[in-house]
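Geometric and topological summary
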Amino acid sequence: WPTLLAQSFLLQAWVPHFTENALQMHCWFLSCMVVYWFFFKPLSHLLKNITLLKTCLLMGFFFFLPWLLIFIPVIAGEDVDWYKNH
């Protein structure tokens, strides 16, 4: 029943156990969108007056952010495929 409760409040994308045991997989996308909907208006007000240079730097930062999943294990001497047992 915890999975059903999480799906009722669109929380299944935020807890991996709930995602894997989901009853309604099509609601997973909607649960991801909850945070987007919540932060859209405040973020749009923050970003509407930034310069082109700052916009490009921010886009570059977010582009390289996922690469940390590769670089951090390499720097730490760990296996790059740390997630393969999941």
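Residues numbered from 1 in each chain as written. Predicted model: local features only at pLDDT ≥ 70, side-chain atom pairs only at ≥ 80, totals over all residues. Heavy atoms only, no water.

Attention now goes to the overall build of the chain. If you tally the helices and strands in the chain, you get five helices and zero strands. Counting over 86 residues, the chain shows a buried share of 12%. Across the chain, the fraction of contacts at a sequence separation of at least 24, relative to all contacts at a separation of at least 6, is 5%. Accessible surface for the chain amounts to roughly 7,600 Å². Of this, 76% is attributable to carbon and sulfur atoms. (Helix = DSSP H or I, 4+ residues; strand = E, 2+ residues; numbered from the N terminus. Buried < 20%, exposed > 50% of the residue type's maximum accessible area, 1.4 Å probe, protein only. Contact = heavy atoms within 4.5 Å. Areas by Shrake-Rupley, 256 points an atom, 1.4 Å probe, with all protein chains shown as cover.)

What follows deals with the environment of Leu5. Turning to its location among the elements, Leu5 is positioned in helix α1 (residues 2–8). Each C-alpha atom of the pair Leu5 and Phe18 lies 9.7 Å from the other, and the pair is 13 residues apart in sequence.

Here a ring pair, both rings aromatic, is described through the centre-centre distance and the interplanar angle of the planes. Under the defined criterion, the tally for this structure stands at five aromatic pairs. Arranged with centres 5.6 Å apart and planes meeting at 50 degrees, the rings of Tyr36 and Phe40 form a pair that is tilted. Of the two residues, Tyr36 and Phe40 both sit in helix α3 (residues 27–47), four residues apart, roughly one turn of that helix. Phe40 sits in the partly exposed class, given a relative accessible area of 46%. Ring geometry for Phe63 versus Phe64: centroids 4.9 Å apart, planes at 80 degrees, classification edge-to-face. (Phe/Tyr/Trp six-rings, centres within 6.5 Å; stacked < 30°, edge-to-face > 60°.)

When pLDDT is averaged along the chain, the result is 82; 88% of the residues meet or exceed 70. Across the chain, element-level confidence peaks in helix α4 (residues 52–64) with a mean pLDDT of 94 and bottoms out in helix α2 (residues 16–20) with 70. (pLDDT = per-residue confidence, 0-100.)

Our focus in this paragraph is the side chain of Ser31. Positionally, Ser31 belongs in helix α3. Leave out the neighbours within four places in its chain, and Ser31 touches Leu10, Leu11, Gln12, Ala13 and Trp14.

The next point concerns α3. An α-helix turns once every 3.6 residues. As a result, residues three or four positions apart point the same way. Look at α3: 29 Å from first C-alpha to last across 21 residues, which is about the 30 Å you get at 1.5 Å a residue. At Phe40, α3 is deflected by roughly 45 degrees, the largest bend along its length, and proline Pro42 occurs up to four residues later in sequence. (Expected span 1.5 Å × (residues − 1). Bend = angle between axes of the 7 residues up to and from the residue.)

With that settled, consider the environment of Val15. As for its position among the elements, Val15 is in the loop between α1 and α2. Separated by twelve residues in the primary sequence, Val15 and Thr3 place their C-alpha atoms 9.6 Å from one another.

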